[in-house]
Amino acid sequence: MNNDLTHGSVLKTMIRFSLPFLLSYFLQTLYGMADLFVIGRFESADGTTAVSIGSQVMHMLTVMTVGLAMGVTVSIGQATGAGNSEKAKKAVGNTVTLFTVLSVAGACVLLLCTNTIVRVISTPDEAVEGTKKYLIICFIGIPFIVAYNIISSVFRGLGDSKTPMYFIAAACAANIALDFLFMGAFRMGAAGAALGTVISQALSVILAFVSIKRRHREAIPARSHLRPQSAIMREILKTGIPIAAQDGLIQVAFIVITIIANKRGLTDAAAVGIVEKIIGFVFLVPSSLLSAVSALGAQNIGAGKPERADKTLGYAVLTAAVFGIAVSVFMQFFAFEAVSLFQKDTAVESAGAEYLKGYIWDCIFAGIHFSFSGWFCASGRSYISFIHNIAAIAFVRIPGVYLMSVRFPDTLFPMGLATAAGSLISVVICVAAFAAIRAKSKKAQHRTIHAEAEKE
C-alpha cells in the first residue's frame, strides 16, 4: 500500500518520513565505520588507510547511484501523488532495465581499471596491495549495491521510508559480524572488510525483493513495463543525471583532497580517511532531509500542492541549521575522542582532530543546501543543484584545500575550513535561485489573475 504524503501536518509528515530514512542512512554508514573500527583493532595504519581509501572510492560510486536513483524516486512520487499507478509501474519497470545494464557494465569496466584507480589517487605504497584487494572484491559486488539502492528508491517514491530500514538493519548486523570473522579471526585485512560488505549487501537485496513482493505488490511491474520507453527514461534521467553528476564530482573533490593528504604522508592520509567517515556519519541528517524534501515535494507537486513542498523545504532548512550548529560546537571539544575511536596512533589522532575541528562547520552549510537540492529535484530543476555544487568545488573547495595544504604543512585544520567554505558558496547560490524562481512564479500568477479580471 502506498503512503500518501499530500495531507496532514507538513512538519509531522516530514518527521515521520525522514526518521526511518535517517536510521537507514545511519545503518548503512555503519558499514564503512565498522570496517574502519574493526581493522583499526587488528591492523596497523596501512590497513586503515587501505580501507579508508577503498571505501571512499566505493562511496563515490554509491552516491552517484543514489543520485541517479533520485530520478526514480521523483518520477514514482509524482505519479503516485497524481494517482497514476500505471505510470508508476512503467517507471519501476524501466528502472529495473536501465540499472541492470548499468551495474553489470560498470562492474566490468571498473575491474579493468582497478590498478589505474589505485595509482591515480596516489595511494601510499604501504597501502597499495590492500586497497587493490578491497576494490576488486567490492567492484564484483556492484550489482548488489546498485540493486539495493534502486529498490530503496522505489519504496521511497511510493512514500514508504520504513521498509528499507528493516532490511538494511539485518544487513548491517551481518556486516559487523563478518568484519570480526574475516578481519579478526581470519586476519584477512582489507580484503576481509570488502568481502563482509559485499555479502551483507547481497543479503539486503534478497530481503528487499521479499519485502517488495509482500508490502507493495501493486508496484511490481509486468513484463511489458520492462520494455524501455523513451518518455519514462527521459523523465528519470532528466532528474537523475544532474544529481548523479554533482554527487560524483563532489566525491571526486573529496578524492582530490585525499590525494593531497596522501602526498603529505601515511599519518595525514589515515587521519583524513577517518574524518571522512565521521563526517559521513554526521551528514546523515542533511542527507535524510534531502531525500525527505525530494519525496514529499514530488508527491505534493504531483498532487498540485506546491505550497506544501515549500513548507517542507522551510522546515528542513531550519532543522539542518539547528543540528549543524549543535554538532559543530560539540566537535570543537570532542574531536580527539571521536578520531581515537578508529585509530590509537597518537599522531593520527592529533592530525585527525585538527582536520575534524575545521571540517565539521561544513555540516551547517551542507545541511541547508542539501535541503534546497531536494526541493530543486522535486520541482524538476535538479540542474540547479549541479550548478551550485560545481561552482563550490571548482572555485573554492579544491583550490582552497590545496592552498591551505601548501601554506600550512604542519596542520590539517585550515584544509578542513576550506571544505566548509565551499558549501557556503552553495548556500548563497541556492537561496538566490530559490528567490528568483519564487519571484518569477508570483509574476506569472499576477499576470494570470490580471488576464482573468480583464475577461470579466
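Undergrad: Explain the overall build of the chain to me, please; I cannot follow it from the model alone.
TA: Counting its regular elements, the chain contains 16 helices and zero strands. At 22 Å, the chain has a C-alpha radius of gyration in line with the 23 Å of a compact globule built from 456 residues. Considered along the principal axes of its C-alpha atoms, the chain spans approximately 80 × 50 × 35 Å. Here the chain holds 456 residues, and 55% of them are scored as buried. Within the chain, residue pairs in contact and separated by at least 24 positions form 83% of the contacts whose partners lie at least 6 positions apart. Working note: accessible area of the chain is about 18800 Å², and carbon and sulfur atoms make up 68% of it. Looking at charge distribution, the chain has the averaged site of its 37 positive side-chain charges lying 10 Å from that of its 26 negative ones.

Undergrad: Got a minute to help me understand the packing of helix α11 (residues 284-302) against helix α14 (residues 362-378) in this structure?
TA: Helix packing geometry: the angle between the two helix axes and the distance between the axes. For the pair α11 and α14, the least separation of the axes is 7 Å and the interaxial angle reads 20°. As judged from the angle between their axes, α11 and α14 are roughly parallel. Crossing of α11 over α14 shows right-handed handedness. Packed against α11, whose contacting residues are P286, S287, L289, L290, V293, S294, G297, A298 and I301, the element α14 presents C363, G367, F370, S371, S373, G374, W375, C377 and A378 at the interface. Among the residues forming the contact of α11 with α14, the class breakdown is 11 nonpolar, seven polar and no charged.

Undergrad: Can you help me understand the packing of helix α10 (residues 266-282) against helix α12 (residues 306-340) in this one?
TA: Across the interface, α10 lies against α12 with an axial gap of 12 Å and an inter-helix angle of 150°. Between α10 and α12 lies a crossing of right-handed hand. On α12, the residues that touch I274, V275, I278 and V282 of α10 are F323, V327, M331, A338 and V339. Grouping the amino acids of the contact of α10 with α12 by side-chain chemistry returns nine nonpolar, no polar and no charged.

Undergrad: Looking at this structure, I do not really get the pattern of salt bridges. What am I missing?
TA: Pairing is possible between side chains of opposite charge, provided their charged atoms come close. The full count for this structure, using the stated rule, is three salt bridges. Of the charged contacts, one joins R438 and D310 as a salt bridge, the two residues approaching to 2.9 Å between their closest N and O atoms. In this pair, R438 sits in helix α16 (residues 413-455) while D310 sits in helix α12, placing the two residues 128 residues apart along the sequence.

Undergrad: How do you make sense of the packing of aromatic side chains when you look at a structure like this?
TA: Geometry of an aromatic ring pair is reported as the spacing of the ring centres plus the angle between the planes. Scanning all chains against the criterion turns up eight aromatic pairs. Pairing F372 with F434 gives two aromatic rings, centres 5.7 Å apart and planes at 65°, and the pair type is edge-to-face. Taken together, the residues F372 in helix α14 and F434 in helix α16 connect sequence positions 62 residues apart. The same class applies to F372 and to F434, which are both buried. One aromatic cluster in this structure is built from F372, W375, F376 and F434. Seen from the ring of F37, R41 lies directly overhead, with NZ or CZ sitting 4.3 Å from the centre.

Undergrad: Before we go on, may I ask you to explain a nonpolar patch on the surface in this structure?
TA: On the surface, I325, V329, F330, F333 and F334 cluster together into a nonpolar patch covering about 510 Å² of accessible area. For I325, a relative accessible area of 46% translates into the label partly exposed.

Undergrad: Looking at this structure, I do not really get the environment of A171. What am I missing?
TA: Position of A171 among the secondary structure elements: in helix α7 (residues 163-185). Owing to a relative accessible area of 0%, A171 belongs among the buried residues under this scheme. When the C-alpha positions of A171 and G196 are compared, they lie 9.9 Å apart, and in sequence the two are 25 residues distant.

Undergrad: Would you mind showing me how to read the side chain of S373 here?
TA: Along the chain, the position of S373 falls in helix α14. A residue is classified by how much of its surface remains accessible, and S373, at 1% relative accessible area, is buried. Leave out the neighbours within four places in its chain, and S373 touches L290, S385 and H388.

Undergrad: Can you help me understand the nonpolar core in this one?
TA: Soluble globular proteins: nonpolar side chains tend toward being buried together. Of all hydrophobic cores here, the largest spans 103 residues; its most connected members are M58, Y134, F139, I278 and L356. At 14 residues, helix α2 (residues 45-81) tops the list of elements feeding residues into this core. Residues L284, W375, C430 and A433 belong to the second largest nonpolar core, which totals 26 residues.

Undergrad: Sorry, what's going on with the confidence of the model for the chain here?
TA: Predicted coordinates in regions of low pLDDT should not be interpreted in detail. Here the chain shows a mean pLDDT of 85. Residues at 70 or above account for 96%. Within the chain, no element has a lower average pLDDT than helix α1 (residues 10-42), which sits at 78, and none a higher one than helix α5 (residues 128-140), at 94.

Undergrad: What should I look at first to understand the environment of L110 in this one?
TA: Its location among the elements puts L110 in helix α3 (residues 85-112). Discounting chain neighbours no more than four positions away, the residues touching L110 are L61, I117, F139 and I142.

Undergrad: When you look at unusual backbone geometry in this model, what are you seeing that I'm missing?
TA: The phi torsion of most residues other than glycine is negative, and most of the peptide bonds are trans. Unlike most non-glycine residues, R187 shows phi in positive territory, near 55°. Structurally, R187 is set in the loop between α7 and α8 (189-215).

Criteria and thresholds
- Residues numbered from 1 in each chain as written.
- Predicted model: local features only at pLDDT ≥ 70, side-chain atom pairs only at ≥ 80, totals over all residues.
- Heavy atoms only, no water.
- Helix = DSSP H or I, 4+ residues; strand = E, 2+ residues; numbered from the N terminus.
- Rg over C-alpha atoms; globule rule 2.2 N^0.38 Å.
- Buried < 20%, exposed > 50% of the residue type's maximum accessible area, 1.4 Å probe, protein only.
- Contact = heavy atoms within 4.5 Å.
- Areas by Shrake-Rupley, 256 points an atom, 1.4 Å probe, with all protein chains shown as cover.
- Lys, Arg positive; Asp, Glu negative; His and termini not counted.
- Charge placed at Lys NZ, Arg CZ, Asp CG, Glu CD.
- Axes fitted to C-alpha atoms, helices over the stretch in contact; angles between N-to-C directions.
- Parallel < 35°, antiparallel > 145°, perpendicular 65-115°, else oblique.
- Left-handed = near helix turned anticlockwise from the far one by under 90°.
- Nonpolar A, V, L, I, M, F, W, Y, C, P; charged D, E, K, R; others polar.
- Salt bridge = Lys/Arg side-chain N within 4 Å of Asp/Glu carboxyl O.
- Phe/Tyr/Trp six-rings, centres within 6.5 Å; stacked < 30°, edge-to-face > 60°.
- Lys NZ or Arg CZ within 6 Å of the ring centre and 35° of its normal.
- Patch = residues over 30% accessible without salt bridge, like charges linked within 9 Å, V, L, I, M, F, W, Y side chains within 5 Å.
- Core = buried A, V, L, I, M, F, W, Y, C linked by side-chain atoms within 4.5 Å.
- pLDDT = per-residue confidence, 0-100.

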